[in-house]
Amino acid sequence: MITHNHPIEQEELMAYLDGELATNRAIAAAAHLEHCAECQELAADLRKLSQELMAWEVEELESAEGTPIAIKAALQDRPGKPRKTKTRLGWRILLTRRGLVWGGGTAVAVLLLMSFSISRLRVPEWNDKQMSELTRVKLATPIPQQEPTLHSGLIGANNGEAGKLQTEEEQEGSDRPGVPTVPMIARTAGLTLTTKEFDKTRAALEEILKRHNGYMGELKVSAPSDAGRTLTATLRIPAPQLEAAMAELKKLGRVEDESQGGEEVTQEYVDLQARLANGKHTEQRLTEILRTRTGKLQDVLKVELEIDRVRGEIEQMQAEKKELSKRVAFATLSTTVKEEYFARLQPTPPSTGSRFRNAAVDGYNTVVEGLIDVGLFLLSAGPSLLLWAAILFFPARWAWKKIQSRKRGDAEEETV
Amino acid sequence: MLKFQRGSREAFEELFARYREPLYGFFRRRLASKDRAEDLAQETFLAVIRAVVRYEPRALVKTYLYGIALKLLAVERRKLSGNEPQIDEHHEPAEDGPQEQALWVRQALEKLDAGEREILMLREYEQLSYEEIAELLRLPVNTVRSRLFRSRMALKSFLEPKRKIQSRTRGAAEGEAQS
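Since we're looking at a predicted model, the values are computed, not measured.

Enquirer: When you look at the overall build of chain B in this model, what are you seeing that I'm missing?
Expert: In terms of helices and strands, chain B carries 9 helices and 0 strands. Across chain B, helices and strands are ordered from the amino to the carboxyl terminus as α-α-α-α-α-α-α-α-α. Evaluated residue by residue, chain B yields a buried proportion of 30% over its 179 residues. In chain B, once contacts between residues fewer than 6 apart in sequence are set aside, the share between residues at least 24 apart is 62%.

Next comes the structure, spelled out in C-alpha cells:
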C-alpha cells in the first residue's frame, strides 16, 4: 500500500486519473507517477476497475426510434399542463391515502387563514406599528420575477409584423413584467436629397409615406429669394418598412447624405416594465390597506396622498413605456429635400431721367434728414449746453480779464 | 433547454435524442425491470415538459435531467420498498464470459454502501464530474471525492475473487496450450 511519504494522496491520484485535479496538483501527480511504482500500481488498479465496471452493459431500447406517443401528446399540451393520462386524477385522488392527507391539510390551512382574516377585520384602529408598515410600502417593493412572455407587438415590429402591433392598453392590462426575447432596437435614419422638381418630389414623398403606413412627425419648408427651396421633415415609418421606404425615397433625387443608426432599448424597457409592475403592486397594497383598515382621518389622508403619488408615478411610467414602444415600432427618418438653385438674370437698368429724378429726390431727402438731425440735436443737447455756458461764463470772463490786465501791465513796463 | 422553453420543439427532440439512452441506462442499472426503466426514462422527459415554464438555467441540462431521474428513482424505490428482485449473492459466476463479468460487477456493486454506490455509478456510468455529483446529491465536492475513493477501494476488494478465478482460468488455458 501507499505510505505517507508520497507527495500526493491516494484520493488525489484518483482525481488526477479522473481529470478532476487542479492543474498545479495534476503536474505534481504526473511527475510523481512517473517514478513511483506503488502509485503506478494503484493507478493501474483504478483503471482496471473502470474497465471492469464497463462490463456491465445495458441492453438497447426496444423502441429506440422516434418519439413515444405519450411524449408527443405532452408536447401538444405544453407548457406546464398536467397530463391527463396514466396518473390518477380528479375526485378519485381524494380517496387515496396521500389525497386524504393533502385534502385534510388544505382544509385546515383554509380554516386557519379565514379565522386570521376575520380577526384582522375586527381591528378597529390603526396603531403605530401598522402606520410604520404603511410607510415601508415604497415603490421599491420587490416583486417576484414572473415567467418570460413574448411581446408580440414590440417584437413583431422588429420582425416585420407591424400590422400585428399589440395595443398599448392590452400590454398595460396584462400587467406581466416580461422579458423580450429579441433585442428591441429604436432605429433612426437620415437622408438628404437634391431634386430639380421640388413640388413633384414633395408629393411623391407623401405618397411613399402613405404607402408604408407612416406618418409625418414634423414638416418645414423654406423658400429664400437667393436660394432653392428646402423641405425638412421628420418621418415616422414602421421599423420593418424602413429599408423599403428609404429605397423608394432615394429614387426621388440625388442622394447627398445618408445615415442609419440603432439604439438598443431592451434593458430600458425591461427596467421600466419592472418598475411599473412594482408601482402597480404598491398601489394595490395601499388600496387594500385603505379598504380593509379603519383609522384616524389623518392616517386615511396620508394613505390617500401616498396613493396619489404612486398613481402619478405609474402614469408617468406608462407614458414612458408607450413612447419607448413607439420608438421601437416606428423608425425615425429625418429627411431633407433641397431644390437645385438657378440664378435669375438681372432686370434692365432704369432710364437716365429716372436716375436724375431719383438723385434729386435723394438730395432733397438728405437735406431734410440733415435739418431734422440738427433740430433733434439742438433739442436734445441744447439745455445742457446752455447750462454749462451759464456756469462757465463768469469764471471764463474773469480769467480773460486777468490775462488782459497782465498783458497791459507788461506793455507799460516795456514803454517805461 | 432554453430554446425548448421558448417553444422550439426541435430543441426538445434534440434533447430527447441525446439523453434518452443515457437515462434509460441510468434506470436500467438501478432497477430490475427493463420495462420500468424505459417507463421512467420517458417519465423524466414528461416531467421536463411539464416543468419547462419553471426551468431556470442554474445548472447544466445533464445535471437537471439526472436530478429529475434521481427523484423518480427514489419514488419508484419507495413504491417497491423491498419487493424488488435482488441478485443472488450466493451464486458465483464461474465462467469468464461477458455475462458473467457483468454479474460479478453487479454483485460487487450490490455489496457497497448505497450512498457510495450511487456516487460510483454516477461517476462511472453517467460520466458526471465530481462537481455535478456534488450538486445532484447536495454534498461537498471533497466528500464526493473521498466517498468515491472508498467505494472504488471496496469494489476492488469485492472483485478480488473474480480476479483470482480469471488468473486461474488463464493459467489453466496457457498450460493446455503449452502441452
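Enquirer: Just to check I follow, could you spell out the overall build of chain A for this structure?
Expert: Within chain A, the regular secondary structure consists of 13 helices and 5 strands. Counting over 416 residues, chain A shows a buried share of 17%. Across chain A, contacts joining residues at least 24 apart in sequence account for 78% of those joining residues at least 6 apart.

Enquirer: I'm lost on helix H12 (residues 297–329) of chain A in this one. Help?
Expert: Along an α-helix, a turn takes 3.6 residues, which lines up residues three or four apart on a common side. The terminal C-alpha atoms of H12 of chain A, which comprises 33 residues, lie 47 Å apart, in line with the 48 Å expected from a rise of 1.5 Å per residue. For H12 of chain A, every residue scored as buried is listed here: Val-310, Ile-314, Ser-325, Arg-327, Val-328 and Ala-329 of chain A.

Enquirer: I keep staring at the sheet that holds strand E1 (residues 185–195) of chain A and nothing clicks. Help me out?
Expert: Within a beta sheet, neighbouring strands are joined by backbone hydrogen bonds and run either parallel or antiparallel to one another. All names here are of chain A. Read from one edge of the open sheet, 5 strands run E2-E3-E5-E1-E4, paired in mixed fashion. Edge strands, defined here as strands with exactly one partner in the open sheet, are strand E2 (215–222) and strand E4 (254–264). Adjacent strand axes in the sheet meet at a mean angle of 10° when their direction is disregarded. Here 9 bridges tie strand E3 (residues 230–238) to strand E5 (residues 330–339), and the two strands are oriented antiparallel to one another. Across the sheet, Leu-231 pairs through a bridge with Val-337, a residue of E5.

Enquirer: Sorry, what's going on with the packing of helix H1 (residues 10–17) of chain A against helix H8 (residues 141–158) of chain B here?
Expert: Geometry of a packed helix pair, given as the angle between the helix axes and the separation of the axes. Put simply, H1 of chain A and H8 of chain B touch, their axes get as near as 10 Å, and they point 95° apart. On the basis of their axis angle, the class for H1 of chain A and H8 of chain B is roughly perpendicular. On H8 of chain B, the residues that touch Gln-10, Glu-11, Met-14 and Ala-15 of chain A of H1 of chain A are Arg-145, Ser-146, Phe-149 and Arg-152 of chain B. Taken together, the residues that form the contact of H1 of chain A with H8 of chain B break down as 3 nonpolar, 2 polar and 3 charged.

Enquirer: In this structure, what is going on with the nonpolar core? I would like to understand it.
Expert: The nonpolar side chains of a soluble globular protein tend to be buried, and buried together. Core analysis: the biggest nonpolar cluster contains 49 residues, and Leu-13 of chain A together with Leu-23, Phe-27, Ala-69 and Ile-133 of chain B have the highest contact counts within it. A per-element tally of this core places helix H2 (residues 9–30) of chain B first, with 7 residues. Residues contacting Leu-23 of chain B, with those up to four places away along its chain left out, are Ala-41, Thr-44, Leu-65 and Ala-69 of chain B. Within the second largest apolar cluster, 26 residues are counted, among which are Ala-186, Leu-193, Leu-235 and Leu-242 of chain A.

Enquirer: I would appreciate a short explanation of the packing of helix H7 (residues 130–137) of chain B against H8 of chain B in the present structure.
Expert: Residues and elements named next belong to chain B. With their axes 8 Å apart at the nearest point, H7 and H8 run at an angle of 105° to one another. The angle between H7 and H8 places the two elements in the roughly perpendicular class. Seen from H7, the contacting residues are Tyr-130, Glu-131, Ile-133 and Ala-134; seen from H8, they are Val-141, Val-144 and Arg-145. By residue class, the composition of the contact of H7 with H8 is 5 nonpolar, no polar and 2 charged.

Enquirer: Just checking my understanding: could you explain the confidence of the model for chain A for this structure?
Expert: When pLDDT is low, close inspection of the predicted coordinates is not appropriate. Residues and elements named next belong to chain A. Here chain A shows a mean pLDDT of 75. Residues at 70 or above account for 72%. For chain A, the element scoring lowest by mean pLDDT is helix H7 (residues 152–158), at 38; helix H13 (residues 352–415) scores highest, at 91. Segment residues 80–94: pLDDT under 50, and 14 contacts once partners within four positions in sequence are set aside and those in other chains are kept.

Enquirer: Just checking my understanding: could you explain unusual backbone geometry for this structure?
Expert: The phi torsion at Asn-213 of chain A lies on the positive side, around 60°, for a residue other than glycine. Mapped onto the secondary structure, Asn-213 of chain A falls in the loop between helix H9 (198–211) and E2. Given 14 C-beta atoms within a 10 Å radius, Asn-213 of chain A is considered partly exposed. Phi angles above zero are rare outside glycine, and Arg-138 of chain B is one such case at about 55°. By secondary structure assignment, the location of Arg-138 of chain B is in the loop between H7 and H8.

Enquirer: I would appreciate a short explanation of the confidence of the model for chain B in the present structure.
Expert: In this model, chain B carries a mean pLDDT of 82, and residues with pLDDT of at least 70 account for 78%. Reported for the predicted complex are a pTM of 0.42 and an ipTM of 0.82.

Enquirer: Can you walk me through the interface of chain B and chain A in this structure?
Expert: With 33 residues of chain B in contact, the opposing surface of chain A contributes 29 residues. For the side of chain B that touches chain A, the secondary structure elements donating two or more residues are H2, helix H3 (34–50), helix H5 (98–111) and H8 of chain B. With 9 residues, the single largest contributor to the side of chain B that touches chain A is H2 of chain B. Of the residues belonging to the side of chain B that touches chain A, the class tally is 15 nonpolar, 5 polar and 13 charged.

Enquirer: How should H2 of chain B be read in this particular structure?
Expert: Residues and elements named next belong to chain B. With 22 residues, H2 should cover 32 Å at 1.5 Å per step; its first-to-last C-alpha distance of 30 Å lies within 8% of that length. At Tyr-19, H2 is bent by approximately 45°, the largest bend along its length, and proline Pro-22 sits one to four residues beyond. Phe-12, Phe-16, Tyr-19, Arg-20, Leu-23, Tyr-24, Gly-25, Phe-26, Phe-27 and Arg-28 are the residues of H2 that are buried.

About the criteria used
- Residues numbered from 1 in each chain as written.
- Chains lettered and ligands numbered in written order.
- Predicted model: local features only at pLDDT ≥ 70, side-chain atom pairs only at ≥ 80, totals over all residues.
- Helix = DSSP H or I, 4+ residues; strand = E, 2+ residues; numbered from the N terminus.
- Buried ≥ 20, exposed ≤ 12 C-beta atoms within 10 Å, placed from the backbone.
- Contact = placed C-beta atoms within 7 Å.
- Expected span 1.5 Å × (residues − 1).
- Pairing = 2+ DSSP bridges.
- Axes fitted to C-alpha atoms, helices over the stretch in contact; angles between N-to-C directions.
- Parallel < 35°, antiparallel > 145°, perpendicular 65-115°, else oblique.
- Nonpolar A, V, L, I, M, F, W, Y, C, P; charged D, E, K, R; others polar.
- Core = buried A, V, L, I, M, F, W, Y, C linked by C-beta atoms within 7 Å.
- pLDDT = per-residue confidence, 0-100.
- Bend = angle between axes of the 7 residues up to and from the residue.

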